[in-house]
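Tertiary structure, described
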Amino acid sequence: MADSWEDRDDMASPAPSPPPPPPPTKILFNPNAKTFTFNPSASNFSPTFVPPPPPRPTQQPPPPAHFADTPSPVTLATSITPDIVSDVSSTMQKIDISAAGTESCDTHMDLSTSAQDSMDTDDPIALSTSIPPHSEPISLGATTEITENMPDQQVTAAVKEEIIEEVVAPVDETAIMKAYEALMAEDGRDHLNIVFIGHIDAGKSTLAGQILFLTGGVDKRTIEKYEREAKEKNREGWYMAYIMDTNEEERTKGITVEVGRAHFETEKKRYTILDAPGHKNYVPNMIQGACQADVAILLISARKGEFETGFERGGQTREHAQLAKTLGVSRLIVVINKLDCPSVCLPGGKWDKGRFDSIVSGMTPFLKSCGYNMKKEVVFLPVAALYGHNIKERVSPEHCDWCDTGSMFEVLDAIEPMERNPLVPVRLPIVDRWKEMGTIVMGKLEAGFMRIGDVYQIMPNKLKVKVEAIYRDEKEVTASQSGENLRLRLTGAEDTDISSGFVLSSIRNPVPCVTMFEAQLMIVELLEHNPVFTVGYKSVLHIHTACEECEVTKLISEVDPKTKEQKKARFVKQGGICMCRISVEKAICIEAFQDIAALGRFTLRDEGRTIAIGKITKLPKLH
């Protein structure tokens, strides 16, 4: 054996043995290269200094009898003796493929008899060219032993975890309808999501807590405990709000920060309460709650000065009403609260109809300008939330003898059921996610029908996930129709792979993911130092549960609000309507308004104010 691989080219060939070997190929070597130590456990050997392959003969010569009898153009190292070569050759007969050693073979690999023969010749050119590409990848998971008796076919390693197949079966509409009918037979009541909105201290959390108490969601002992705690904090009239405001920060400050959630039922419907914050600093949290709602209850304090403060420019009564309409609320119940307050009630404790009528006359023009149909979509209702008057039961005539709308529960139960089509593609914008015995996501199922065992994908990162459990109203169910606020346990993704604003959607018909879209905008309010809306205007886009910075890249036209005619314009002033093109840096999951309204309406905000509300009219063709 030669002392080094550099001397191998000048060595005389050993005694020839039939059949004659192919002539050696002159190879340029690097004399400064380090000695290569052979690793028998390596999955492949492809030296980087191999020159382009020479023209191969049309007929492959028979393989040499033995490795030691064949003059090779490359000798691996001086330390390789015939005994080691024999051990290496025998080691090649049995190879363990494990997940720890597959970094260089995780694309396509076919270990066949011809490839094994090429490895025995130690021909680096053969090693890099004799392994033909395969149409399907090999799964590399648990350790798999490959022997020389294995047939010439693709080798698939044993996988410890279940892998979701890429091939998606066609949607079985018959099975979906059968499951939908079974769900309706079990409980056919309609479900509504109610968001409580309004100016700070209007009584939103108190009303929500009173509803839970009247429906049995909270017992008398708990209420007495909350009364003691509120008295210790010098907030005697706030004990009902403690049912919804559960953390210490909210109770200490006396304001709602996060969106509170609760459930109650009547004989006709099931309801989910979404108690949104009223402070202007927490409007993004309010948007998160309102985007999941079907019905909004706008609370207004009838106390002198409180209604005027909330309704004046900059007050949250105006902004919340606008946002609710933009975010898809189909019905608005304007609850005029605190009519039992001594500052507004009449002698004898009667509620003042004059105060009620003045608030109605002041709100009606504004609600019309927001786009509400006052006859079909808006109801004005007097209540006293602290004492539960006119909520579950009608208010007694001794307090109010002029109310003819009925109690709040009667108004809610009279709302027509929402249309739910179980055959449309699934769309569930994700509000939150966390780790709890698996990956949990929460959101409202805006479209479609969902069952345990169904496979979906999370957009925009295209993660394939499987639904292992569905929780509705704190109860585990086997399926759910659209309109429900759900918690899902998923497999196939970690909670760190998911963010608020992602959308769980069907695989065959995924939600579009775009960075640009065209929309119709109504300019609500512009900032004093930026009074013109034009190309280059930057703001924060709120659409379903997503929130991204955006920029107006093209002003297409200005729309006449009366004639609906469009004309070219370089800018739009406050109160105007325009068609424009908006772009974002990161891809967002949205739909055209005419396809799925919940994913096609949005709000633009800047410096804590609502600048514009709009709806998406056009998406790029390729998305």
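Residues numbered from 1 in each chain as written. Predicted model: local features only at pLDDT ≥ 70, side-chain atom pairs only at ≥ 80, totals over all residues. Heavy atoms only, no water.

Per an unreviewed UniProt entry, the protein chain carries the name Tr-type G domain-containing protein and comes from Chlamydomonas eustigma. As stated in UniProt under Sequence similarities (unreviewed entry), the record for the protein chain gives "Belongs to the TRAFAC class translation factor GTPase superfamily. Classic translation factor GTPase family. EF-Tu/EF-1A subfamily." (UniProt positions renumbered as here; feature names shortened; annotations may be inferred.)

**Remarks on the overall build of the protein chain**
Scanning the protein chain from N- to C-terminus turns up twelve helices and 26 strands. Counting all 623 residues of the protein chain, 46% fall into the buried class. Within the protein chain, counting contacts between residues at least 6 apart in sequence, those at least 24 apart form 70% of the total. Carbon together with sulfur atoms contributes 51% to the accessible area of the protein chain, which is approximately 32700 Å² in total. (Helix = DSSP H or I, 4+ residues; strand = E, 2+ residues; numbered from the N terminus. Buried < 20%, exposed > 50% of the residue type's maximum accessible area, 1.4 Å probe, protein only. Contact = heavy atoms within 4.5 Å. Areas by Shrake-Rupley, 256 points an atom, 1.4 Å probe, with all protein chains shown as cover.)

**Observations concerning the sheet that holds strand 6 (residues 295-301)**
Note: strands within a sheet are paired through backbone hydrogen bonds, in either parallel or antiparallel orientation. Strand order in this open sheet of six strands is 4-5-3-6-7-8, and the pairing throughout is mixed. Sheet topology places strand 4 (260-265) and strand 8 (378-382) at the edges, where each strand pairs with a single neighbour. For this sheet, the mean inter-axis angle between neighbouring strands, taken without regard to orientation, is 25 degrees. Relative to strand 7 (residues 331-337), strand 6 is paired through seven bridges, and the arrangement is parallel. Bridged to Ala 296 within strand 7 is Leu 332. (Pairing = 2+ DSSP bridges. Axes fitted to C-alpha atoms, helices over the stretch in contact; angles between N-to-C directions.)

**Overview of the nonpolar core**
If you look at the biggest cluster of nonpolar residues, it comprises 42 residues, and the most contacted ones within it are Met 363, Leu 367 and Phe 380. Secondary-structure elements contributing two or more residues to this core are strand 3 (190-198), helix 8 (283-290), strand 6, helix 9 (306-311), helix 10 (316-326), strand 7, helix 11 (353-369) and strand 8. Val 218, Ile 223, Ile 297 and Leu 412 belong to the second-largest nonpolar core, a separate cluster that totals 33 residues. (Core = buried A, V, L, I, M, F, W, Y, C linked by side-chain atoms within 4.5 Å.)

**Structural notes on helix 8**
Among the eight residues in helix 8, six count as buried, and that is most of the element. What helix 8 keeps buried is the set Val 283, Asn 285, Met 286, Ile 287, Gly 289 and Ala 290.

**Things to note about the pattern of salt bridges**
Side chains that differ in sign of charge can pair as their charged atoms come close. Evaluation of the coordinates by the stated rule reveals 22 salt bridges. A salt bridge links Arg 189 to Asp 187, with the shortest nitrogen-to-oxygen separation between them at 3.1 Å. Take Asp 187: its relative accessible area is 21%, and that puts it in the partly exposed class. Measuring nitrogen to oxygen at the nearest pair gives 3.4 Å for the salt bridge that ties Arg 609 to Glu 525. Of this pair, Arg 609 sits in strand 26 (residues 609-618) while Glu 525 sits in the loop between strand 18 (513-523) and strand 19 (533-534), and the two are 84 residues apart along the sequence. Via salt bridges that share partners, Asp 187, Arg 189, Glu 265, Arg 270, Asp 473 and Glu 484 belong to a single interconnected network. (Salt bridge = Lys/Arg side-chain N within 4 Å of Asp/Glu carboxyl O.)

**Brief notes about unusual backbone geometry**
With an omega dihedral of 15 degrees, the bond running from Met 459 to Pro 460 counts as a cis peptide bond. Along the chain, Pro 460 turns up in the loop between strand 12 (455-459) and strand 13 (463-472). Phi is positive for Asp 201, which is not a glycine, with a value near 70 degrees. Within the element layout of this structure, Asp 201 appears in the loop between strand 3 and helix 5 (204-214). Non-glycine residue Lys 564 carries a positive phi angle of around 65 degrees. Locating Lys 564 in the fold gives a position in the loop between strand 21 (546-559) and strand 22 (566-567).

**Here's the deal with the pairing of strand 7**
When you tally the buried positions in strand 7, you get seven out of seven residues, the bulk of the element. Relative to strand 8, strand 7 is paired through five bridges, and the arrangement is parallel. What sits directly across from Val 335, in strand 8, is Leu 381. The parallel pair strand 7 and strand 8, bridged by helix 11, forms a crossover whose chirality is right-handed. (Right-handed = clockwise from strand over helix to strand, strands pointing away.)

**Considering the state of the cysteines**
Taken as a whole, this structure holds zero disulfides when the rule is applied. The thiol sulfur of Cys 580 is not disulfide-bonded, and the nearest other cysteine sulfur, from Cys 578, lies at 4.6 Å. For Cys 580, a relative accessible area of 0% corresponds to the buried category. (Disulfide = S-S within 2.5 Å.)

**Focus: the pairing of strand 9 (residues 427-435)**
Bridge count for strand 9 against strand 17 (residues 503-505) is three bridges, and the pairing is antiparallel. Across the sheet, residue Pro 429 finds its bridge partner in strand 17, namely Val 503. One ladder, built from five bridges, connects strand 9 with strand 10 (residues 439-444); its direction is antiparallel. Paired with Asp 432 across the strands is Met 442, a residue of strand 10.

**A word on the confidence of the model for the protein chain**
Confidence along the protein chain averages 76 in pLDDT terms, with 69% of residues attaining 70 or more. Below pLDDT 50 for its whole length, residues 1-16 participates in 17 contacts with residues either more than four positions away or in separate chains. Within the model, pLDDT remains below 50 along residues 62-165, and this stretch shows 129 contacts once partners closer than five positions in the same chain are excluded. (pLDDT = per-residue confidence, 0-100.)

**Regarding the side chain of Ser 539**
Within the secondary structure layout, Ser 539 lies in strand 20 (residues 538-543). Excluding anything up to four places from it in sequence, Ser 539 contacts Glu 548, Glu 549, Cys 550, Leu 604, Arg 605 and Asp 606.

**Some thoughts on the packing of aromatic side chains**
Across all of its chains, the model carries eight aromatic pairs by this definition. Residues Tyr 180 and Phe 449 carry aromatic rings whose centres are separated by 5.9 Å and whose planes lie at 80 degrees to one another, so their mutual orientation is edge-to-face. Taken together, the positions of Tyr 180 in helix 4 (residues 173-186) and Phe 449 in strand 11 (residues 449-451) put the pair 269 residues apart, joining distant regions of the chain. As far as burial versus exposure is concerned, Tyr 180 and Phe 449 are alike and both buried. (Phe/Tyr/Trp six-rings, centres within 6.5 Å; stacked < 30°, edge-to-face > 60°.)

**A look at the environment of Ala 569**
Along the chain, Ala 569 turns up in the loop between strand 22 and strand 23 (571-572). Through-space distance from the C-alpha of Ala 569 to that of Ile 556 is 7.6 Å; in sequence the pair is 13 residues apart.

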